[in-house]
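If you want the building blocks of each chain, they are given just below.
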Amino acid sequence: MYNGEAYITGSCVIRKNRVYRDGTLLWETPQAQELQEFLRAGYDQFSGQYPKFHKMDPLSKLGWLAAEVLLKDAPLNNYPPESIGLILANKSASLDTDLRYFDTVKDIASPALFVYTLANIVMGEISIRHGFKGENAFFTADAFDPEFMVGYISQLFLENAVSACLCGWVEVMGPAYEVILYKVERSSGGLAFNADNLQKAVSF
Amino acid sequence: MEKLMAALKAQIVEQLNLQEVKPEDIGDDQPLFKDGLGLDSIDALEIIVLLQQHYGIRIANPEQGPEIFHSVRTIAEFITAHQTAK
């Protein structure tokens, strides 16, 4: 009988114009480069052929790009789409885009911006790209809370609600941003999924 | 008409943030939605905003949308007819 154990099988960190996968620096651009230019360069570097990316807000672009980096060479193809979950959190929800949208309201409200005025849209973009159809939730908190993340997701594994998931922190507010995204799977082969290992996996 | 269609193509690329499409890549009669240029319902709303911002035109009857927005040419014809009627 399955005992709810799960394992961290990958991680991606994007901060300070650097992209890390499993603790290794994969790619970086000059620190002075602005976020939108960095994201466009990251798209060209790791993906391409997905024009919808250009319409996304910075929050969705960041989460989408991290998922791309994480799944490019190791997709979650061995699990039914209904069993792959997405659990994310951040501090500012969609405020970065909300403010941009509010600016357009003074003239003619932008429909293209309006559709991104919810934080969980980033999970929709990732799900569409990779075909995920499982449980999802987006939390807001002052800081990334590994204990909470492990508690919530462990319960999902224990209840067989998911067999794999992407989880972590996707934050952006103005020029400040940070992504910490983990791949967690039922099958063994990585670090045990606990709060200590979540922190260890991205401590560099 | 040619000049208006060229302007519309540039405005569509700009307004819809089609970063991987050049204005000259859009055919005059190419369908804009589904299998054509692949625009979606949010893009349709953005084109409505574009018509309002650049040409001062409001779509009075939403049911006309599919006919007006079929291609760059049909949009240009709609603008021309609207401006002539003024």
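For clarity, every value in this text was computed on a predicted model and none was experimentally measured.

Regarding the nonpolar core
All names here are of chain A. Grouped together as the largest cluster of nonpolar side chains are 40 residues, with contacts concentrated most on Ile-14, Leu-62 and Leu-166. Among the secondary structure elements, those contributing two or more residues to this core are strand 1 (7-15), helix 1 (35-46), helix 2 (58-71), strand 4 (84-90), helix 5 (121-130), strand 6 (164-173) and strand 7 (176-185). When residues in this core are grouped by element, the largest group, 9 residues, is from helix 2. Core analysis: the second largest hydrophobic core is formed by 25 residues, Val-162, Cys-167, Val-184 and Phe-193 among them.

As for the state of the cysteines
All names here are of chain A. Following the criterion strictly, the structure yields 0 disulfides over all chains and no others. Its sulfur unpaired, Cys-165 is 4.6 Å from the next cysteine sulfur, which belongs to Cys-167. We classify Cys-165 as buried; its relative accessible area is 1%. On the basis of relative accessibility, which here comes to 0%, the residue Cys-167 falls in the buried class.

Some details on the pattern of salt bridges
Applying the stated criterion to the full structure yields 12 salt bridges over all chains. Residues Glu-68 of chain A and Arg-129 of chain A are paired through a salt bridge, measuring 2.4 Å at the closest nitrogen-oxygen approach. One end of the pair, Glu-68 of chain A, is in helix 2; the other, Arg-129 of chain A, is in helix 5, and 61 residues separate them in sequence. When its relative accessible area of 6% is taken as the criterion, Glu-68 of chain A is described as buried. Shared partners join several salt bridges into a network, and the residues in it are Lys-9, Asp-28, Asp-29 and Arg-73 of chain B.

Concerning the interface of chain A and chain B
Contact residues are listed per partner, giving 13 residues for chain A and 12 residues for chain B. Across the chain A/chain B interface, buried area totals approximately 1000 Å², and carbon plus sulfur atoms make up 53% of it. For the pair chain A and chain B, the number of links is 1 salt bridge. Two residues, Lys-55 of chain A and Asp-43 of chain B, come together in a salt bridge whose shortest N-O distance is 2.5 Å. Between the two partners, chain A and chain B, sit 8 residue pairs in polar contact (both at pLDDT 80 or more). Grouping the constituent residues of the side of chain A that touches chain B by class yields 7 nonpolar, 3 polar and 3 charged.

Concerning the environment of Asp-96 of chain A
Residue and element names in this part refer to chain A. Turning to its location among the elements, Asp-96 is positioned in helix 3 (residues 95-105). For Asp-96, a relative accessible area of 8% puts it in the buried group. Separated by 79 residues in the primary sequence, Asp-96 and Pro-175 have C-alpha atoms spaced 9.6 Å apart. Once residues within four sequence positions are removed from consideration, Asp-96 is found in contact with Pro-58, Val-172, Met-173 and Gly-174.

Looking at the pairing of strand 3 (residues 24-28) of chain A
All names here are of chain A. Here strand 2 (residues 18-21) runs beside strand 3; their pairing, made up of 4 bridges, is antiparallel. Each bridged residue has a counterpart across the sheet, and for Tyr-20 the counterpart in strand 3 is Leu-25. Hairpin connection of strand 2 to strand 3: 2 residues between the antiparallel strands, including Asp-22 at a positive phi of 50°.

Digging into the packing of aromatic side chains
Residue and element names in this part refer to chain A. Considering all chains together, one arrives at 13 aromatic pairs over all chains under this definition. On the basis of an interplanar angle of 85° and a centroid distance of 4.8 Å, the ring pair of Phe-139 and Phe-148 is categorised as edge-to-face. Residue Phe-139 is classed as partly exposed on the basis of its relative accessible area of 23%. Both rings, one in Phe-139 and one in Tyr-152, keep their centres 5.0 Å apart while their planes meet at 75°; by these two values the pair is edge-to-face. Remark: Tyr-152 occurs in helix 6 (residues 146-158) and Phe-139 occurs in strand 5 (residues 136-140); sequence separation between them is 13 residues. One aromatic cluster is present, built from ring pairs that chain together Trp-27, Phe-38, Phe-46 and Tyr-177.

Section: the UniProt feature "domain: Carrier" (unreviewed entry) in chain B
Per the UniProt record, "domain: Carrier" (unreviewed entry) is found at residues 2-83 of chain B. Along residues 2-83 of chain B, the helical share is 55% and the strand share 0%, with 16 Å between the first and last C-alpha atoms.

Criteria and thresholds
- Residues numbered from 1 in each chain as written.
- Chains lettered and ligands numbered in written order.
- Predicted model: local features only at pLDDT ≥ 70, side-chain atom pairs only at ≥ 80, totals over all residues.
- Heavy atoms only, no water.
- Core = buried A, V, L, I, M, F, W, Y, C linked by side-chain atoms within 4.5 Å.
- Buried < 20%, exposed > 50% of the residue type's maximum accessible area, 1.4 Å probe, protein only.
- Helix = DSSP H or I, 4+ residues; strand = E, 2+ residues; numbered from the N terminus.
- Disulfide = S-S within 2.5 Å.
- Salt bridge = Lys/Arg side-chain N within 4 Å of Asp/Glu carboxyl O.
- Contact = heavy atoms within 4.5 Å.
- Buried area = accessible area lost by both parts, 1.4 Å probe.
- Polar contact = N/O pair within 3.5 Å; in protein donor to acceptor, adjacent residues only side chain to side chain.
- Nonpolar A, V, L, I, M, F, W, Y, C, P; charged D, E, K, R; others polar.
- Pairing = 2+ DSSP bridges.
- Phe/Tyr/Trp six-rings, centres within 6.5 Å; stacked < 30°, edge-to-face > 60°.
- UniProt positions renumbered as here; feature names shortened; annotations may be inferred.

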